[in-house]
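Geometric and topological summary
Here is what each chain is made of, one letter per residue.
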Amino acid sequence: MKVLSKKAIIITSVCVGVVAVVLILFWTLFALSSVTVEFHTTTKNLTLSEEEIVEAGDFSYGACVLFDGKNKYVERLNKKAGENEKFAYLEVVNIETVFPNRYIIHVAEREEVFAYQTGNEVLILDDDLRVLRKESLADGESYISSKQNAIELKNLTILNDEINVGDFLEVEQTGVLEFYNAFLANNRTLAEQKGFVKEILLGVNHVDITEMDYVSATILTHSGREFVINNIDFALANKIQLMFALDSALYNQINGEGYVVDGNGEIVHDNVLDENGNIMLDENGEPLKGEVWTYERLQNSYVLIDNFILNDYQEVSESDIYYNLVAKSE
């Protein structure tokens, strides 16, 4: 028994020694030794140097990169804008571990996507609704959206108690956060988005059947066309796609009698909907034709884009959307 005990002690000692050696190797071979920065976009408003970014991350040199949580560094860099407004334009894409012992911070410049006027001040925002900077206006002056500057947002309900450069806006209409990506999903770059959209006015669409309220968005283009998208929280990318299709296919196609025609030369009619918001079909399974689209009617109307009514009794997919022409006086 004594011999077995000695063997057990020897085996245990060897195991402990091996583990100690492995741990020493981990904390030497994999000990963080350097951090560098890689920029993934051109920098116009982002004026930070690599040294400033690395210093702000307050990295734990000597820590094992295998176990060192990198999220804390991202949070530090995000919060740094509260102390230094230069950091507002900094977006940390990710922090890459390069074995055995290096980090690379991949960064990009946040882009000016939206503008929101509150009083005599304009908040310039990116697609995450981060406040990149503030612009001051004279009394009675209004922000003017052009094809080069940020798209104006209106009627945002902001929940922040106070707003500083670098803060992320908390809003009730969270669907706004999906607009930029919905445009990108339709192959529209930010420059193309700004060239098309002048302003986005948020509102409420009440559905009597379900007694539900949904966020709507009135999109005014630089060419003066008006689209109303109901329920921006559902199938937004599909609704944006339909908006672009309608804009390119309908507005410039008027036949000799003043009727709007589609790409096939067919006269365009409103869809006829049932009480549940579904398109009604005739005996041949074709959509029933409602009021015809004329040039005169088009000039005094907006295009409504909506989905079939959402309820617990029918399944509605993201392709179940429709459009109609609605007189602006209605």
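One structure accompanies this document, and this report is about it. (Residues numbered from 1 in each chain as written. Predicted model: local features only at pLDDT ≥ 70, side-chain atom pairs only at ≥ 80, totals over all residues. Heavy atoms only, no water.)

Looking at the overall build of the protein
We count it as follows: The secondary structure listing takes helices from DSSP runs of H or I that are at least 4 residues long and strands from runs of E that are at least 2 residues long, numbered from the N terminus. Whether a residue is buried, partly exposed or exposed follows from its accessible area with a 1.4 Å probe, protein chains only, as a fraction of its type maximum: under 20%, in between, or over 50%, in that order. Only heavy atoms enter the contact rule, under which two residues are in contact if any of them lie within 4.5 Å. Per-residue and other accessible areas follow the Shrake-Rupley method at a 1.4 Å probe size, with only the shown protein chains counted as cover for residues. Two residue types count as positive, namely Lys and Arg, and two as negative, namely Asp and Glu; His and chain ends fall outside the count. Charge positions come from single atoms, namely NZ of Lys, CZ of Arg, CG of Asp or CD of Glu.
Per the secondary structure count, the protein includes seven helices and 14 strands. Relative to its 330 residues, the protein shows a buried fraction of 40%. At a minimum sequence separation of 6, the contacts of the protein that also span at least 24 residues come to 55%. Counting only carbon and sulfur atoms, one obtains 50% of the accessible surface of the protein, whose full area is about 18200 Å². Here the protein carries 25 positive and 54 negative side-chain charges, and the mean point of each set is 14 Å from the other.

Some details on the sheet that holds strand S1 (residues 34-39)
So the rule is basically this: Note on pairing: DSSP must find at least two bridges between two strands before they are called paired. Axes here mean lines fitted to C-alpha atoms, for a helix over just the part in contact, with angles spanning 0 to 180 degrees between N-to-C directions.
Taken in spatial order, the three strands line up as S1-S3-S2 in an open sheet, and their pairing is mixed. Taken across any chain shown, the strands that pair with only one partner, and hence form the sheet edges, are S1 and strand S2 (90-98). Neighbour-to-neighbour, the strand axes of the sheet open up by a mean angle of 25°, direction not taken into account. Pairing analysis gives six bridges linking S1 to strand S3 (residues 102-109), with the strands arranged parallel. By the bridge assignment, Phe39 is partnered in S3 with Val107. Its contacts with the sheet put helix H3 (residues 71-79) on S2 and S3, and the angle it makes with S2 is roughly 155°.

Details of the environment of Ala88
Relative to the assigned elements, Ala88 resides in the loop between H3 and S2. Looking at Ala88, the relative accessible area reads 0%, which means it is buried. Separated by 42 residues in the primary sequence, Ala88 and Leu46 have C-alpha atoms spaced 8.3 Å apart. If near-sequence neighbours (up to four positions away) are discounted, Ala88 is found in contact with Ala81, Arg110, Arg130, Val131, Leu132, Val165 and Gly166.

Concerning the side chain of Lys239
Let me state the cut-off plainly: Salt bridges are defined by distance alone: a side-chain nitrogen of Lys or Arg within 4 Å of a carboxyl oxygen of Asp or Glu.
Relative to the elements of secondary structure, Lys239 occurs in helix H6 (residues 236-249). The side chain of Lys239 sits in the buried core without any salt bridge; Asp306 is the nearest counter-charge, 4.6 Å away. Excluding residues within four positions of it along the chain, Lys239 makes contact with Ile229, Asn230, Asn231, Phe234, Ile305, Asp306, Asn307 and Ile321.

Overview of a nonpolar patch on the surface
Selection criterion: Exposure above 30% relative accessible area and no salt bridge define the residues that can form patches, which grow by joining like charges within 9 Å and nonpolar side chains of Val, Leu, Ile, Met, Phe, Trp and Tyr within 5 Å.
A surface patch of nonpolar side chains, amounting to about 340 Å² of accessible area, comprises Leu66, Phe67 and Phe99. On the secondary structure map, Phe67 appears in the loop between helix H2 (50-57) and H3.

Examining the pattern of salt bridges
Within the structure shown, the criterion is met by 13 salt bridges. Among the ionic pairs, Arg110 bridges to Asp128, the shortest N-O distance being 3.3 Å. Taken as a pair, Arg110 in the loop between S3 and strand S4 (114-118) and Asp128 in the loop between strand S5 (121-125) and strand S6 (131-136) lie far apart in primary sequence, 18 residues in all. On the basis of relative accessibility, which here comes to 5%, the residue Arg110 falls in the buried class.

Regarding the packing of aromatic side chains
Heads up, the rule is: Two aromatic rings, drawn from Phe, Tyr or Trp (for Trp, its six-membered ring), form a pair once their centres lie within 6.5 Å of each other, and the interplanar angle then sorts them: stacked below 30 degrees, edge-to-face above 60, tilted otherwise. Only when the NZ of Lys or the CZ of Arg is both within 6 Å of the ring centre and within 35 degrees of the ring normal is a charge said to sit over the ring.
Going through the model one piece at a time under the given rule, you end up with nine aromatic pairs. Members of the aromatic cluster, each reached through a chain of ring pairs, are Phe179, Phe183, Phe196 and Phe244. The cationic tip of Arg188 hangs over the ring face of Phe244; the distance from NZ or CZ to the ring centre is 3.8 Å.

Some details on the sheet that holds strand S8 (residues 197-207)
Within the open sheet, the nine strands sit side by side as S6-S5-S4-S7-S8-S9-S10-S13-S14. Their pairing is mixed. Each having just a single partner strand, S6 and strand S14 (321-327) make up the two edges of the open sheet. The average undirected angle you get between the axes of adjacent strands in this sheet is 25°. Sheet analysis places S5 next to S6, joined by five bridges and oriented antiparallel. Across the sheet, Leu125 pairs through a bridge with Val131, a residue of S6.

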